[in-house]
Amino acid sequence: MSDELDEIQAIFFEECAEGLVTAEQGLSAMAGGDVSADVIAGVFRAVHSIKGGAGAFGHAALTAFSHRFENVLDEVRAGRIAPTPGVTAVMLTAFDILSDHVEASKGTAPAPADAAALAALDEVLATGGAGTPAAPVAAATPVIEAADDFGFTPVTAVIDDLDPFGFEPIGVMLEDLDPQPAEAPSEVAGWTVRFAPSRSALANGGEPLLVVREVEHLGGSVVDIDCSALPPLRDLDPEESYMVWTLSAPATLPQADIAECFDFVSPDSIIEITRAEPPADTDLELAPSSAAAAPDPGHAAPEPTSATTAFSPNRAPEPEVLALAVVPKSDTPRAAEPAAQTIRVDLTKLDMLLNLVGELVIRNSILTDRLSPKEQQRVELPELARLTREIQDNVMSLRAQPIKQAFSRVPRMLRDLSVETGKLVLLETTGESTEVDKGVIEKIGDPLTHMIRNAVDHGIESPDDRAAVGKPREGTIRLSAEQKSARIFVRVSDDGRGIDRARVRAKAVEKGIIPADAVLSNEEIDQLICAPGFSTAESISNISGRGVGMDVVRSNVEALGGRVEISSVPGQGTTFTMILPLTLAILDGMVVRLAGQRYVLPLATVVESVKPEPGQVRPMSRTTEVIELRGNYLPVRRLGDLFGFGGKGRAPEDSLVIIVESEAGHVGLMVDTIEDRREVVIKSLDQNLHPIRGLGGATILGDGSIALILDVEALVGSSASAPQHSLKGLAA
Amino acid sequence: MSKLILTVDDSASMRMLLKTSLSQQGFRIEGATDGVHGLERMHEVNPDLLITDINMPRMDGFELIEAVRALPQFRGTPILVLSTEFSDDKKARARSAGATGWITKPFEATKLGAAVRRVCP
């Protein structure tokens, strides 16, 4: 059972994440001037839902904070507080804290300090809502407030908590305000309940008899039924109620429990709950309009109609709320999925399906290889292949999610950066509904963070500098995503100063990344930003400039089988583009042959292939070789040596050298031949074998044979003890 | 045959929570994601009880209740509102729209069951 609840709670946190995205988009739109009712309602609903779920799962701090946030949103929604930039700014801050509270509830972060944000919200509520008194939230003491926020207070605080709940007339006599059930039950008389449903009590699905039964169920019994109002049969309207019940209930029963039975009774019904003191005194009291005016014998209110209420006035503050951390009984194990338009599926099931479809694709290509075109037609293979492709596309789309999940943290980050740097930044986002594999989305968070930080720190100028060159004081960062064939392009562009190539070059020389006399194109200079250890920040700032930024971007993106492109126009800005695969399950590969075996090189890492002239590959030492390429010397590795085939491989001039890109720079891999370029379905090796350095996985080729997929980064990394996690990049 | 309840809430976790709590207490549960979906599902499942949230996209709980009550076959079907809101005017609005009762979120499973049995034995 607790598994089941954990599962539901996990879904709740997913909803929180979605809600936070919605709220943030709405608040950003509001900050941008769009204060339409729909936008405001969307933000309200998102925060409201978070509050509701948080309450259900017993996250008191999250509930309390979202409640206070919601109060302000409610006023804004109702038009009582104008969504001025000041008010929106307060809400954006509150949003940030709300995000932190969500994280804290997950247990992934400490509880945020929210006092300042709460004070700001209260301030808005107090001053912004001219027509509304500040009292409901601002004036109360913290403890009472907590009760106001749905009673997440200790059970012992019941009495205190009841008072602030005068918000609704209580239709029952709270003669006994003491919630601790009678210290000496034997001395206390039982309860007498008089219940006169209104004529319309049967409307809208109401059924007074069920209420009577519920009281009986609690141990009460019917003492009297007054049928005097019952008309003759021909005048009787079966949809009206005519009876008046008098019930008794055990003295030990808390009054609130009895009152609760009458929660749904129609508002103009009469409900009186009194201690049946001396049995003789059957003059029952009617309910005055509040708990405060309770137990004065002889104080009878003859017209209690307005005082009675049906909609559970006294539920909220009770200690039951504390127990609401949903502890259903554990006797029924069945967890049921909600019947809805969507269905949530365990990711492993989806991956298994994807895997099987991969097999199907492979079988298909095996058949295509083995059958002659005529035979293929005869068995209708092309149709099968088409269906298989469609299934594959569909299954892959199941794992696809809108990239806006990855974008959702950006606005907040920009706000923080803006505060840290004093730069003014506007964000424009497009294409956030572009769908990408979940695995890709999860892995581009870090690169995206670095790219945005880099853009703010190094790209966007200070407001004064911008003004000086005639630009608007606010810089703009454009974040976009689009799909082109099987690739996703994620761009971060700024309208800042652009890359200062002279400085980048000088820095690279200083850091020993390039020789002083290297001849580099503009593009090559731009790429230096991604070189390990490169940083041009004049002072190491908090944000980027730690020299781990852009090379992390590059290595992360490459681990995903993607690449990073940089383009920059001095004075006008820089664009970073991450070009990512749509899925991690399929790899664009180059099939190469070596010693009779076939291997797959990820195409994203391949720069070019070279058929060496005699003498172009030459030994540097006993174990290392280099290839001379357009005046540069690149290290060459013989794949056969790397895999320990030993012996003498082919002569270089009978081989091919594939130049690959790695963190260590360009490296040549010597193979026998290139056989093919094709998309391969990646099969993980890790489940079956120890991680093998240099291998990222395996695939089955069209003829049914197995080819190993090479992990270039691990292969060419010079240190033998380098960590092996880079293997995962391919096999994920 | 156990009673059939349609729960309408845009939050999947809330629907699951309701389903878990109430199916343990012998109810059969169907779900819908907002007012529009809820109205469709009313016709499909013809429940013994409707439990609806208030704040939902497309069609909110008030509109749903009015729409359901306008249909003769659901005139007597009990409808409970399950909402974190608890203001008088909201409750009054729900009542005039045709709601049978109001339960404030968060709820405790046993209390919820009692409230449900109060209108749907």
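Because the structure is a prediction, the values reported are computed rather than measured. (Residues numbered from 1 in each chain as written. Chains lettered and ligands numbered in written order. Predicted model: local features only at pLDDT ≥ 70, side-chain atom pairs only at ≥ 80, totals over all residues.)

Enquirer: Explain the overall build of chain B to me, using residue names and the numbers behind them.
Expert: Along chain B, the regular secondary structure elements total 5 helices and 5 strands. Taken across its 121 residues, chain B has 63% of its residues classed as buried. In chain B, the proportion of contacts linking residues at least 24 apart, taken out of those at least 6 apart, comes to 60%. (Helix = DSSP H or I, 4+ residues; strand = E, 2+ residues; numbered from the N terminus. Buried ≥ 20, exposed ≤ 12 C-beta atoms within 10 Å, placed from the backbone. Contact = placed C-beta atoms within 7 Å.)

Enquirer: Describe the overall build of chain A, naming the residues involved and giving the relevant values.
Expert: What chain A contains, in helices and strands, is 24 helices and 22 strands. Contacts in chain A between residues at least 24 apart in sequence constitute 68% of all its contacts with a sequence separation of at least 6.

Enquirer: Report on helix α2 (residues 35-45) of chain B, specifying residues and quantitative values.
Expert: Residues and elements named next belong to chain B. The set of residues buried in α2 consists of Gly 35, Gly 38, Arg 41 and Met 42. Angularly, the buried residues of α2 cover 115 degrees about the axis, an arc narrow enough to put them on a single face. Among the exposed residues of α2, those oriented more than 90 degrees off its buried face are Glu 40, His 43 and Glu 44. As for α2, its buried residues are in contact with β1 (4-8), β2 (28-32), β3 (49-52) and α3 (61-69). The positive-phi residue at the C-terminal boundary of α2 is Asn 46, with phi of around 45 degrees. (Arc of directions from axis to C-beta.)

Enquirer: Before we move on, can you summarise the nonpolar core with the specific residues and values?
Expert: Counting 96 residues, the largest nonpolar core has Val 47, Val 72, Ala 94 and Leu 121 of chain A together with Leu 80 and Val 116 of chain B as the members making the most contacts within it. Looking at this core element by element, the count peaks at 9 residues for helix α1 (residues 2-31) of chain A. Both of domain 1 (2-139) and domain 2 (169-308) of chain A provide at least three residues apiece to this core. In this structure Leu 80 of chain B touches Leu 49, Ile 51, Thr 100, Gly 101, Ile 103, Ala 115 and Val 119 of chain B, once residues within four positions along its chain are discounted. Membership of the second largest hydrophobic core comes to 42 residues, among which are Val 425, Ala 455, Ala 531 and Val 557 of chain A. (Core = buried A, V, L, I, M, F, W, Y, C linked by C-beta atoms within 7 Å. Domains from an automatic or database assignment.)

Enquirer: Kindly report on the UniProt feature "modified residue: 4-aspartylphosphate" (unreviewed entry) in chain B, identifying the contributing residues and their values.
Expert: Residue and element names in this part refer to chain B. On the UniProt side, "modified residue: 4-aspartylphosphate" (unreviewed entry) is annotated at positions that read Asp 53 here. Tracing the sequence through the fold places Asp 53 in the loop between β3 and α3. The residues contacting Asp 53, other than those within four sequence positions of it, are Val 8, Asp 9, Asp 10, Gly 61, Leu 82 and Ser 83. (UniProt positions renumbered as here; feature names shortened; annotations may be inferred.)

Enquirer: Quick rundown of the pairing of strand β12 (residues 586-594) of chain A? Include the residues and the values.
Expert: Residue and element names in this part refer to chain A. Taken together, the 8 bridges between β12 and strand β20 (residues 673-681) define a ladder with antiparallel strand orientation. Residue pairing in the sheet places Arg 593 in a bridge with Thr 673 of β20. Judged from the 6 bridges that link them, β12 and strand β13 (residues 597-602) form a sheet pairing that is antiparallel. Bridge pairing in β13 links Val 591 to Val 600. Two successive antiparallel strands, β12 and β13, enclose a turn made up of 2 residues, where Ala 595 displays a positive phi of approximately 50 degrees. (Pairing = 2+ DSSP bridges.)

Enquirer: Break down the packing of α3 of chain B against helix α4 (residues 88-97) of chain B for me, citing the residues and quoting the values.
Expert: All names here are of chain B. Contact pair α3 / α4: the axes reach a minimum separation of 8 Å and the direction vectors enclose 20 degrees. With respect to α4, the element α3 is oriented roughly parallel. When you trace α3 past α4, the crossing you get is right-handed. Along its contact with α3, which presents Phe 62, Ile 65, Glu 66 and Arg 69, the element α4 presents Arg 93, Ala 94 and Ala 97. In the contact of α3 with α4, the residues fall into 4 nonpolar, no polar and 3 charged. (Axes fitted to C-alpha atoms, helices over the stretch in contact; angles between N-to-C directions. Parallel < 35°, antiparallel > 145°, perpendicular 65-115°, else oblique. Left-handed = near helix turned anticlockwise from the far one by under 90°. Nonpolar A, V, L, I, M, F, W, Y, C, P; charged D, E, K, R; others polar.)

Enquirer: Which residues make up helix α11 (residues 347-370) of chain A, and what are the values?
Expert: All names here are of chain A. With 24 residues, α11 should reach 34 Å at 1.5 Å per residue; the first-to-last C-alpha distance of 35 Å fits that figure. Taken together, the buried positions of α11 are Leu 354, Val 357, Gly 358, Val 361 and Ser 365. Where α11 is buried, its residues contact α13 (381-398) and β20. (Expected span 1.5 Å × (residues − 1).)

Enquirer: Can you lay out the confidence of the model for chain B for me, pointing to particular residues and giving the numbers?
Expert: Model confidence for chain B is summarised by a mean pLDDT of 86, while 99% of its residues fall at 70 or above. Taken together, the chains of this predicted complex give a pTM of 0.46 and an interface ipTM of 0.82. (pLDDT = per-residue confidence, 0-100.)

Enquirer: Can you tell me about the sheet that holds strand β2 (residues 221-226) of chain A, naming the residues and giving the values?
Expert: All names here are of chain A. Taking strand neighbours across the sheet as the criterion, the 4 strands line up as β2-β3-β1-β4 in an open arrangement whose pairing is antiparallel. Two strands in the sheet have a free side with no partner beyond their single neighbour: β2 and β4 (270-275). For this sheet, the mean angle separating the axes of adjacent strands, direction not counted, is 15 degrees. Here β2 pairs with strand β3 (residues 244-249) via 5 bridges, running antiparallel. Considered in β3, the bridge of Ser 221 is made with Ser 248.

Enquirer: Can you explain the environment of Phe 645 of chain A? Please cite residues and give values.
Expert: Residue and element names in this part refer to chain A. Structurally, Phe 645 is set in the loop between α22 (639-642) and β18 (656-662). Spatially, the C-alpha atom of Phe 645 lies 9.9 Å from that of Leu 594, the residues being 51 residues apart in sequence. Those residues in contact with Phe 645 that sit more than four places away from it in its chain are Ala 595 and Gly 640.

Enquirer: Account for the sheet that holds β13 of chain A, with residues named and values stated.
Expert: Residue and element names in this part refer to chain A. Strand order in the open sheet made by the 5 strands is β20-β12-β13-β22-β21, with mixed pairing throughout. The open sheet has two free edges, formed respectively by β20 and β21 (695-700), since each of these has just one partner strand. On average, adjacent strands in this sheet sit at an angle of 35 degrees to one another, irrespective of strand direction. Bridging between β21 and strand β22 (residues 706-710) involves 5 bridges; their strand directions are antiparallel. Opposite Ile 700, over in β22, you have Ile 706 as the bridge partner.

Enquirer: If you had to explain the packing of helix α15 (residues 410-421) of chain A against helix α17 (residues 445-459) of chain A to someone new, which residues and values would you point to?
Expert: Residues and elements named next belong to chain A. Two elements in contact, α15 and α17, have axes separated by 11 Å at closest approach and are oriented at 35 degrees. At the point where α15 passes α17, the crossing takes the right-handed sense. Between α15 and α17, the residues in contact are Val 410, Met 413, Leu 414, Leu 417 and Thr 421 and Thr 449, Ile 452, Arg 453, Val 456 and Asp 457, respectively. Per-class residue counts for the contact of α15 with α17 are 6 nonpolar, 2 polar and 2 charged.

Enquirer: Could you give an account of unusual backbone geometry, with specific residues and numbers?
Expert: All names here are of chain A. Unlike most non-glycine residues, Arg 630 shows phi in positive territory, near 45 degrees. By the element assignment, Arg 630 lies in the loop between β16 (625-629) and β17 (632-638). The class for Arg 630 is exposed, based on 4 C-beta atoms found within 10 Å.

Enquirer: Describe the UniProt feature "modified residue: Phosphohistidine" (unreviewed entry) in chain A, with residues and values.
Expert: Residue and element names in this part refer to chain A. Under the UniProt annotation, "modified residue: Phosphohistidine" (unreviewed entry) lies at His 48. By the element assignment, His 48 lies in helix α2 (residues 37-56). On the basis of neighbour counts, which here come to 26 C-beta atoms within 10 Å, the residue His 48 falls in the buried class.

Enquirer: Describe the pairing of strand β19 (residues 665-671) of chain A, naming the residues involved and giving the relevant values.
Expert: Residues and elements named next belong to chain A. The buried fraction of β19 amounts to 5 of the 7 residues, a majority that puts the element mostly inside the structure. Note: β17 against β19, 3 bridges, orientation parallel. Directly across from Arg 638, in β19, lies its bridge partner Met 670. Where β18 meets β19, 7 bridges bridge the pair, whose relative direction is antiparallel. Bridging from a neighbouring strand, Ser 662 pairs with Gly 665 of β19.

Enquirer: An account of the confidence of the model for chain A is needed here, citing residue identities and associated values.
Expert: Residues and elements named next belong to chain A. Confidence along chain A averages 73 in pLDDT terms, with 76% of residues attaining 70 or more. Helix α6 (residues 135-139) is the least confidently modelled element of chain A, averaging 33 in pLDDT, while helix α18 (residues 463-468) averages 90, the highest of any element. Contacts from residues 129-186, a stretch scored under 50 in pLDDT, to residues over four places away or in other chains number 111 contacts. The low-confidence segment residues 279-340 (pLDDT under 50) makes 149 contacts with residues lying over four places distant or belonging to another chain.

Enquirer: Tell me about the environment of Ala 54 of chain A, residues and numbers included.
Expert: Residues and elements named next belong to chain A. Within the fold, Ala 54 resides in helix α2. Along the backbone, Ala 54 and Ser 66 are 12 residues apart, and their C-alpha atoms lie at a distance of 8.8 Å. If near-sequence neighbours (up to four positions away) are discounted, Ala 54 is found in contact with His 59, Leu 62, Thr 63, Ser 66 and Ser 105.

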